[in-house]
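If you want the building blocks of each chain, they are given just below.
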Amino acid sequence: MRHVIIGTGPAGVTAAETLKKLDPESVVTMIGDEPEPPYSRMAIPYLLIDQIVESGTYLRKNSEHYKELGISRVEGLVDSINQEKSEVNLNGGATVGYDRLLIASGSTPVTPPIDGVKHPLVSSCWTLEDARRISEVAKPNTDVVLMGAGFIGCIILEALAKSGANLTVIEMEDRMVPRMMNDTAGNLIKDWCESRGVSVNTSTRVESITEAGRGLSVSLSNGKNIPADLVVSATGVKPNIGFLDSTDIKTDLGILVNRQMQTTDPHIFAAGDVAQGKDFSSEEFSVQAIQPTAVEHGQLAAKNMFGLKNAVHQGSVNMNVLDTLGLISSSFGLWMGVENGESCELLNKERFRYINLQFCEDVLIGATSLGLTEHVGVLRGLIQTKTKLGVWKDRLIEDPTKIMEAYLGSTHAIGHNANIMK
Amino acid sequence: MAWQKRILRVNLNDQSCTEEPLNMEWAQKFLGQRGLATKYLSEEIDPKVDALSPGNKLIMATGPLTGTMASTGGRYSVITKSPLTGAIACSNSGGFIGAELKQAGWDMIIFEGKSDKPVYLYLEDDVASLCDAAELWGKSVWATDEMLHAKYQDPLIRIACVGRSAEEGCLYASIVNDRHRAAGRSGVGTVMASKNLKAVVVRGTKGVGNVRDPKAFFKATSEGKKTLSDNAVTGEGLPAMGTQVLMNVINEVGAMPTRNMREVQFEGAAKISAEAMAEPRESDGKPNLVTNAACFGCTIACGRISTIDPQHYSIENKPEYIGASGGLEYESAWALGSNVGVDDLDALTYANFLCNEDGMDPISFGATVSAAMELFGMGAITLEDTGGVDMSFGSAEALTISAELVAKGEGFGRELAMGSKKLCEKYGHPEISMTVKGQEFPAYDPRSIQGMGLGYATSNRGACHLRGYTVSSEIMGVPVKTDPLVTEGKPELVKSFQDATAAVDSTGLCTFTTFAWTLEDIAPQVDAACEGGWTAESMLEAGERIWNLERQFNLDAGLTSKDDTLPARLLKDAAKTGPAKGSVNRLDEMLPQYYSLRGWSAEGVPNSETMKRLGL
Amino acid sequence: MLKSLQLEPEKCTGCLQCEMACSYENEGVFNPAKSRIKVFNFHDEGRFAPYTCTQCTEAWCLHACPVEAIVINESTGAKEVIEDVCVGCKVCTIACPFGTVNYNTDSGKVMKCDLCGGAPACADACPTAAITYVDSSYTGLDRMKSHAAQTIPKT
């Protein structure tokens, strides 16, 4: 069996490894368009601040890892897929034949429709190549403008701030991380950033970028013009599905897949940022574009490519964790709540502490937290196990910090000290 | 070494928090906690100062072993001048806040002056700040604890605070930490409230490191833990029954002060004993005792967690008292039980909850209620005085209503809040106040345990069992059995217990370990943690030094040898029943020899040679 | 034979010796704030529950790590954080459905139970045998494990 995987991110690599484990005799080929060994975009911010070297971003640390597992890698950009011949056509004319194909081609930053956005001093922060370019310019006393304070924008925000550059953040929406945090949390993150010397402009658009002197001038919808030695664009990403145009594989925002991660072509699967997989909470199919989901997709797709029965996707919980200049935030599932649901929250503005829980009946369905680093994963556990909280729901409403107690109390038998109660 | 070498000084006058180095020269002489804080207090305040004036200071101090893995290493003490006695006050508490303070990087906090408005201290590692406590003032300990936890959204902050009784001037108000652990005696909470200081909130994430010799420390502490678990008292009795293991024992030897110490045995003892706490009740088939619970680092776990019978009259329509909380210890069961003649276990538990909820010392509270009951029986206090409450001995309602009134500082509770001495003076019968130096007795009748009489009379904080618990030797035979009814040898026994206890109270360890440990077990743990070459001998000497320092403070405060005495009832009215029937406490046979052993003059003043020998 | 930590909350008195032992073993100080095992206090019910990583077979943390900083120790079965490799992205802390991987703000890395390489200090320190290190086949583990197993639908 020939398994071909387009993409060398977490979904692709996990799928390749899983396939080799399930079927050591199979031929597994990964196609990637970047020269470096498979690496993690999650690690790029840490590279920017020199906490790690480039090899620290690699998904697998052993340089012979893929060779030892018998996974071959082909460098090239996919041009199209020939479903009839079961071949992947690469730019430059080479072809790679498959029995089963996994599309894990990830996503690419969108380029906002702004005059001057194509200027060489405007960069996304998505690839190692981008990171190298940004590190060159972002130095103490330079002016850097970050367009977009979504999840990705916030991830690189810290690195940009730490570079010593004067950082200005521009966000269209009325708060930071609008797709991950509610008003309270998004604005608290903004307050935090501003108290640490980063200028944050929400409800503001970049109108145009023009060359000015040695750098750029960024004009904003609030009428201001600010100088920039570098503009970093992080206004969102879109799935890499351009090469599917000539196929009959159905796409929406991403590639449509069923619960086996199978596309409308039964020999072709999709996983990761490119796939519109099942969302655990909404039960709808959507693009999540997060690391844990990519890994789940990759494992599941591989099992189905191999032909395992019952490897059915139950849905991935959408979740994110951010460290914005030391303020740690996270959100899970339906953090915005549902109609007829119940919620509770606890806020301490001075300490930048916030926790918001969303319930449907006595089940936790979503959560947001700020400043919480202890046991935060249990929020995922409670959501994904649909644990019936019983009396613990009211206790959580009274004190939302008791998440571990709620989990232990509603899932574990905890007796009294039997030792003394003979 | 195990000291953090840092003191936090909080000036409530100008609301400043400053850091200063711990005086390590003093630490070598006074160890920590009780001893070292007494040294600071002696150096920094005039012993004659009004205890409730801004001139008094209040010190929260840990010991070098606080916050380490040494068993029971979670203690802290509050040292100040007592408003109840006018003498030195040193109240020791377990729970978790002592260790938290240490882990935040501090050995002690010195509070001085008085805030012009209610404040609380928030201490998170190196960062200390005084915060507005307007919302907390007028709230109980439990409400304060809940509000602060909600505010900080941190289940791991530890809180010590005063309740409404302290705000209302109750002279035996305690400082409650972790909801039901308390620096209980001598009115340390009253001093805290007098400074407009409502609470101390601590979060420590720095830890305690740098024990002098980690390998030796683990060896010594592990051996110590084994000794505790192998010992019948610390390994079986205390975990299973708590200090309540004593109720039936002490009653049988006829040393159970009953109905304001008029009797020495209580007919209802069995109904309020540890055994009774474990017995399923009729209403819901559950026992009073839910579980045992440990303080920080304690491998004994004598603490009780209890519930009140949900159908008990005291909590009718009060669902907030239905959950589990700190249960009866022997002292509280005695003070709220036999000493007021009440054998209703649930009424006792409820009154004990209230003592925790609003920060009253249950010993002084119970003893004051018992004095009021005696006054009531004599007709010296009338229904008019009590607001219609029948204060007869044996009335559970009188007990629970009194607790509610003192907690809130209302009605007759304001009289009860003065303590037994002032109450009896006010109603014209000072002779029935069962106090020494103004502090109420604990649960061991000195007519039946002679050494305890000498211990009470000479205790530096007034009547107290924890300054030298000779019950160990006289009743339990630890470390050697002595006859409780003889006075011979008791001055030596009392002195050595007092000195050893002063040393243990200065380490960060719990005095209950001494049922199993001697200084020979403790010194290696201290020595492995701290520089200074600590041995059992040097610790005992430090203990003696601390004892004399406290004594000197009291003398400077105006106390004299006339205060080293017991109420006439205990010296003249013989025990009526039990093994000690016919016996009074023969203090006069012991006191002169005790002074002489201590190297004090006949007037109870330390000789200059004594002070020189001890380096004072 | 692999061994596992067996936690019996009904024996726990809440003394935190385990937390001190853990923090000393891993951080060189007595510091419950840095312990990998935590004792939860159900105050109103008078119950205590020690809890830490069950070294679950699903290894959510390991799979979620983008830089292969969590690996399996073949001799103990523990999922261990390699500090030098961990970049501190915290994805594992939200991925672990048991809430037993925590971010250490001081080190900028995550921390979790690693069974102390096969001699867990917490079990050694527990005075009431509420924490023991037993053969993984021991039946008493079933109750604990059954929850871990049923929790999350396999992907």
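Above this text is the structure in question.
Residues numbered from 1 in each chain as written. Chains lettered and ligands numbered in written order. Predicted model: local features only at pLDDT ≥ 70, side-chain atom pairs only at ≥ 80, totals over all residues. Heavy atoms only, no water.

Novice: I would appreciate a short explanation of the pairing of strand S2 (residues 16–21) of chain B in the present structure.
Specialist: Successive side chains on a regular strand alternate, one facing one side of the sheet and the next facing the other. Residues and elements named next belong to chain B. In this structure, strand S1 (residues 6–11) lies alongside S2, joined through six bridges in antiparallel fashion. Directly across from Val 10, in S2, lies its bridge partner Cys 17. Adjacent in sequence and paired antiparallel, S1 and S2 are bridged by four residues, among which Gln 15 carries a positive phi angle near 60°. (Pairing = 2+ DSSP bridges. Helix = DSSP H or I, 4+ residues; strand = E, 2+ residues; numbered from the N terminus.)

Novice: Help me understand the sheet that holds strand S12 (residues 197–203) of chain B in this model?
Specialist: In a beta sheet, neighbouring strands pair by backbone hydrogen bonds and run either parallel or antiparallel. All names here are of chain B. Here we have six strands laid out as an open sheet, ordered S8-S7-S12-S9-S10-S11, and mixed in their pairing. The two strands at the open ends of the sheet, each matched to only one other strand, are strand S8 (127–132) and strand S11 (181–183). For this sheet the average axis-to-axis angle between neighbouring strands, irrespective of direction, equals 20°. Pairing between strand S10 (residues 175–177) and S11: three bridges, direction antiparallel. The residue of S11 that forms the bridge with Ile 175 is Ala 183. Across the sheet, helix H4 (residues 141–152) touches strand S7 (119–124), S8, strand S9 (158–161), S10 and S12, and the angle it forms with S9 is around 145°. (Axes fitted to C-alpha atoms, helices over the stretch in contact; angles between N-to-C directions. Contact = heavy atoms within 4.5 Å.)

Novice: Help me understand the pattern of salt bridges in this model?
Specialist: When charged atoms on two side chains of opposite charge get close, those side chains can pair. Residues and elements named next belong to chain B. Evaluation of the coordinates by the stated rule reveals 67 salt bridges over all chains. For Asp 564, the salt bridge identified is with Lys 437, shortest N-O distance 3.0 Å. In this pair, Asp 564 is assigned in the loop between helix H22 (536–557) and helix H23 (568–572) and Lys 437 in the loop between strand S16 (435–436) and strand S17 (439–440), connecting sequence segments 127 residues apart. Ionic contacts of the salt-bridge type, sharing partners, join the residues Arg 9, Glu 20, Glu 44, Lys 57 and Glu 112 into one network. (Salt bridge = Lys/Arg side-chain N within 4 Å of Asp/Glu carboxyl O.)

Novice: What should I look at first to understand the interface of chain A and chain C in this one?
Specialist: Listed per partner, the contact involves 55 residues of chain A and 49 residues of chain C. Between chain A and chain C, roughly 4300 Å² of surface is buried when both sides are summed, and carbon and sulfur atoms account for 60% of that area. Where chain A packs against chain C, one counts three salt bridges. The salt bridge involving Lys 90 of chain C is made with Asp 323 of chain A; its shortest N-O contact spans 2.9 Å. Linking chain A with chain C are 13 residue pairs in polar contact (both at pLDDT 80 or more), by the criterion used here. Only helix H7 (291–306), strand S22 (319–324), strand S23 (327–333), helix H8 (378–384), helix H9 (391–398) and helix H10 (403–411) of chain A provide two or more residues apiece to the side of chain A that touches chain C. Among the elements that make up the side of chain A that touches chain C, the one with the highest residue count is H7 of chain A (seven residues). (Buried area = accessible area lost by both parts, 1.4 Å probe. Polar contact = N/O pair within 3.5 Å; in protein donor to acceptor, adjacent residues only side chain to side chain.)

Novice: When you look at the nonpolar core in this model, what are you seeing that I'm missing?
Specialist: Nonpolar side chains in soluble globular proteins tend to end up buried together. Residues Leu 357 of chain A together with Met 108, Phe 111, Tyr 120, Ile 175 and Tyr 444 of chain B are the most contacted members of the largest nonpolar core, which totals 324 residues. Setting aside residues no more than four positions away along its own chain, Tyr 120 of chain B makes contact with Ser 129, Leu 130, Cys 131, Asp 132, Ala 133, Leu 136, Leu 148, Lys 151, Tyr 152, Leu 197, Ala 199 and Val 201 of chain B. Grouped together as the second largest cluster of nonpolar side chains are 43 residues, Tyr 66, Tyr 98, Ala 104 and Ala 302 of chain A included. (Core = buried A, V, L, I, M, F, W, Y, C linked by side-chain atoms within 4.5 Å. Buried < 20%, exposed > 50% of the residue type's maximum accessible area, 1.4 Å probe, protein only.)

Novice: Even after reading the chapter, I still don't get the side chain of Thr 72 of chain B, so can you show me in this structure?
Specialist: All names here are of chain B. Inspection of the secondary structure puts Thr 72 in the loop between strand S3 (57–62) and strand S4 (76–81). Among the polar contacts listed, one links the side chain of Thr 72 to the backbone nitrogen of Cys 510, at a separation of 2.9 Å. Those residues in contact with Thr 72, other than ones at most four positions away along the chain, are Phe 296, Gly 297, Cys 298, Ile 300, Gly 508, Leu 509, Cys 510 and Thr 513.

Novice: I'm lost on a negative patch on the surface in this one. Help?
Specialist: A surface patch of like charges, here negative, comprises Asp 394 and Glu 398 of chain A, Glu 146 of chain B together with Asp 44 of chain C. Secondary-structure assignment places Glu 146 of chain B in helix H4. (Patch = residues over 30% accessible without salt bridge, like charges linked within 9 Å, V, L, I, M, F, W, Y side chains within 5 Å. Areas by Shrake-Rupley, 256 points an atom, 1.4 Å probe, with all protein chains shown as cover. Lys, Arg positive; Asp, Glu negative; His and termini not counted. Charge placed at Lys NZ, Arg CZ, Asp CG, Glu CD.)

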